[in-house]
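# Architecture at a glance
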Amino acid sequence: MTERSATTSPVLPPLDAVGIVREAGLTAFVVFALTFSLVGFKVEDVPGGLDIVTRFDQVLAATVLAFTGRVVLILLHKRRHLPVILVGLAIAAVILGLVVAARGAPESATAAWLPFESVVVNVLVAVAALVLAGRAAWSAWRRDVGVSDEAVELAARVHKAAIFLGPLMLGFAVVLPFLPFADRRLLDIAILVVTYVMLGWGLNIVVGLAGLLDLGYVAFYAVGAYSYALLAINFDLGFWVCLPFAGIMAAFAGILLGFPVLRLRGDYLAIVTLGFGEMIRVILLNWYEFTKGPDGISGIPRPTLFGLPFTRTDPDGGETFHSFFGLTYSPLDRIIFLYYLILILALVTNFFTMRIRRLPIGRAWEALREDEVACRSIGINPRNTKLTAFSIGAMFGGFGGSFFATRQGFISPESFTFIESAIILAIVVLGGMGSQIGVVFAAILLIGLPEFFRELQQYRMLAFGAAMVAIMVWRPRGLLAFRDPTIRLSDHDTAPEKQT
Amino acid sequence: MPANVTRGGSPVNCKGFVMEYFLQQLINGLTLGMIYGLIAIGYTMVYGIIGMINFAHGEIFMIGAFVSLITFLLLGALGITWIPLAVLVVLIATMLFTSVYGWTLERVAYRPLRDSPRLAALITAIGMSIFLQNYVQLLQGARIKPLPPVISGGFRFMKESDFVVTLSYLQVFIILLTITLMLVFTYVINRTSFGRAQRACQQDLGMAALIGINVDRTISLTFVTGASLASVAGLMFLMNYGVIDFYIGFLAGIKAFTAAVLGGIGSLPGAMLGGLLIGLIEAFWSAYFTVEYKDVAAFAILVLVLIFRPTGLLGKPDIEKV
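Residues numbered from 1 in each chain as written. Chains lettered and ligands numbered in written order. Predicted model: local features only at pLDDT ≥ 70, side-chain atom pairs only at ≥ 80, totals over all residues. Heavy atoms only, no water.

### A word on the overall build of chain B
Note the following rule: The helix count covers DSSP runs of H or I at least four residues long, the strand count covers runs of E at least two residues long, and both are numbered beginning at the N terminus. Accessible area is worked out with a 1.4 Å probe on protein chains only. A residue is then buried under 20% of its type maximum, exposed over 50%, and partly exposed in between. We call two residues contacting when some pair of their heavy atoms lies within 4.5 Å. For the area figures, the Shrake-Rupley method with a 1.4 Å probe applies, and any residue is considered shielded solely by the protein chains shown.
A tally of helices and strands in chain B yields 11 helices and 4 strands. Buried residues in chain B amount to 59% of all 322 residues. A separation of at least 24 residues holds for 76% of the contacts in chain B among residues at least 6 apart in sequence. On chain B, roughly 12,900 Å² of surface is accessible, and the fraction owed to carbon and sulfur atoms is 68%.

As structure tokens, then:
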């Protein structure tokens, strides 16, 4: 890095004040034009029609903040750290001070000085200002380091550490239910996160290994859930009997989808799989005699441990889990059992993926991802290879679906919308495609964190979308993007190869 | 999308009026197809120039509908009730304000990723789509917004029979406006310097840059054009159905994309043709089969087209390079 040595005695070029103001003015103008229409006016429902209210104060605030923010960013880019730190801290201090002062008195004069109506947005602006100040302080201290280089290093380091990190996280996951802070809420979130980790690992087979972009993964999840629910309700079968059936049904659905889309690639494939997912949902919604349509299926039986139910008393008069083991009854037992169930399912998925990567079929998937034409010329059958990837990925989706059904006890087409597919795909891609540990981090980041901020419910999806964009712009190959060669020519060459 | 596509009669009372019923569905389908076609042009232009699916384009259409609604309400509050003037003002306002969204979308979410794997751009597009949906939901509320009919009345044919075929003034307006826009658009693409730059970029981005075309500017203008056409589609949707919410962009976007694929992605006349076909198929499917499965019909067509004619009706064959 030449820059690092050059900046030991900083000789910074002079600032072009007019240029900065013009640039910032342009940004402010765009923000004004963006916010004028949709923020400036709000359509209100009033009896007998619609009314319109204005919010120009917030448009003004957004415009001024955009101007300041742009100036600060340019200064940061030009390595003028001190003003950035000062302005960032000042904005954060003023807004946070006003938020605290206006607490509990939303109509007071102090509250009127706040830039935005909503407390969350105000706090977000303050946090952004703090982050900018922190960034400036950091790079002033480090004398400017390319951020993306650092990120690549970090990804390689995390992957090297995965040897220790994996077992460590696994150990933590195993003992989690018995830790003192593990209450019902935390376990519920943990179950949710592990479910998404499992789905992410399942989809990783299709997207990460075989390179087939699937935007309709939720269809297999739905097939698994409905298979279990319908089998259990109509034929009175237990969870463990149904689980393989659900997987097989989902795998069949995968083959069914796979056949017509074999010839497609990339974006086309994504849209067709998306269409397939929506078709399954529309059918579930309208085939009332079979799926009970929008009413959904309720009363799905809970799983048992070798026939021992997790209820206070067994309705059939048999043993229950707590009586069999001589424990006192606790409703948390069932949650802990569900947690271990999904943890085992997820680990099976992970183990399966790791092993199959070393089999010829796994290698064929990865070869197909890299170059389909080359694959064909060396005798790999792309059709069979793609179909196995689709069906195996779908099978794990089906397992996940039946777990979802047994956990909720109620399913309806509402749970299987496109957004679920998008979330699962986002977990795979944001984690860094093909990276198993990346999926875990992405699931914790995207599912776990927002769950803790349930109070901000209405901002959750907004932040989710923004995070997807931000992470992709920052790291187009995913958080822990990094490709470990499956095969090495010599044992000495153990240094992981950076992705080019 | 609301289920009232079969305006002007339901299958129940069409017995004995085969011709009239067919004609009515034809009119409805064409109107719907014009709306899809206008959105599809945005998809096909962006795909042609940077080879990515602008997944958030449906959201741009939705924003266009909301800006139209707000402008209508504002004009109503200001007391401007002369309909031609009001519609003209709304048209200009929605094209202006929505195209800013199109421009920003490209600048913020797609330009930094132009040289990245295509998957990354698709993920940002999905992220942008989720973001914009929730942005509008937070700012304008989640409830559906009804707008009373702005243009009412229409021509009535076959008055001698009991089933009267109606061609409403609104449908005439939609068809005429679309044709006008298409003429202007064709002129812009074929005759202006922006159009030439746009076509050059579509053929080869790198080469276009070498011969002195400002590629960034051309791509930005492409997004602006696509967004303003989509916003007009939003205005038409609002006037045609009378209800909008923040979620209308998803299905309309997918159907318009289907239209673009059906017509041959990258081909501008193909997008309009595909839009008309999808509109007609949807109208006839709802009229003669089941309304519930009309969305399945659109997807099924998409799958069938991609299997049997991946380049679409008017598309050029894609040569696979090693």
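From this point, the narrative continues.
### Re the overall build of chain A
A count of helical and extended segments in chain A gives 20 helices and 4 strands. In chain A, buried positions account for 49% of the 500 residues. Pairs at least 24 residues apart make up 72% of the contacts formed inside chain A by residues separated by at least 6 positions. If you sum the accessible surface of chain A, you get close to 24,600 Å²; carbon and sulfur atoms cover 67% of it.

### Some thoughts on the pattern of salt bridges
Heads up, the condition is: We define a salt bridge as a contact between a side-chain nitrogen of Lys or Arg and a carboxyl oxygen of Asp or Glu at a distance within 4 Å.
Tallying each qualifying case throughout the model produces 13 salt bridges over all chains. Of the charged contacts in the structure, one is a salt bridge between Glu366 of chain A and Arg369 of chain A, with a shortest N-O distance of 3.4 Å. A residue pair is termed a helical-turn pair when its members lie 3 or 4 positions apart in one helix, as Glu366 of chain A and Arg369 of chain A do in helix α15 (residues 360-370) at 3 residues. Here Lys255 of chain B ties to Glu282 of chain B by a salt bridge, and the two come within 3.3 Å at their closest N and O atoms. Here the residue Lys255 of chain B occupies a position in helix α9 (residues 248-263), and Glu282 of chain B occupies one in helix α10 (residues 268-288), the gap between them amounting to 27 residues.

### Here's the deal with α9 of chain B
Residue and element names in this part refer to chain B. Definition in use: The span expected for a helix works out to 1.5 Å for each residue beyond the first.
With 16 residues, α9 extends 23 Å between its outermost C-alpha atoms, agreeing within 8% with the 22 Å of an ideal straight helix rising 1.5 Å per residue. Among the 16 residues that make up α9, 16 are buried, leaving the element largely enclosed by the rest of the structure. Positive backbone phi, approximately 105°, marks Gly264, located one or two places after α9.

### A closer look at the interface of chain A and chain B
Just so we agree on the cut-off: Buried area is understood as the total, over both parts, of accessible area removed when two parts are fitted together, assessed with a 1.4 Å probe.
Across the contact, 55 residues belong to chain A and 62 residues belong to chain B. Interface of chain A and chain B: buried area, both sides summed, is about 5,400 Å²; carbon and sulfur atoms make up 79% of it. Taken as a group, Leu38, Asp267 and Tyr268 of chain A account for 13% of the area that chain A buries against chain B, more than any other trio of residues on that side. Counting across the interface, chain A meets chain B through 0 salt bridges.

### Considerations on a nonpolar patch on the surface
Residues and elements named next belong to chain A. The condition that has to hold: The patches reported here contain residues having more than 30% relative accessible area and no salt bridge. Joining distances are 9 Å for like charges and 5 Å for nonpolar side chains (Val, Leu, Ile, Met, Phe, Trp, Tyr).
A surface patch of nonpolar side chains, about 540 Å² in accessible area, is lined by Leu89, Leu96, Val119, Val123, Val127, Leu130 and Val131. Looking at which element gives the most residues to the nonpolar patch, the answer is helix α6 (residues 119-142), with 5 residues. Judged by its relative accessible area of 41%, Val127 is partly exposed.

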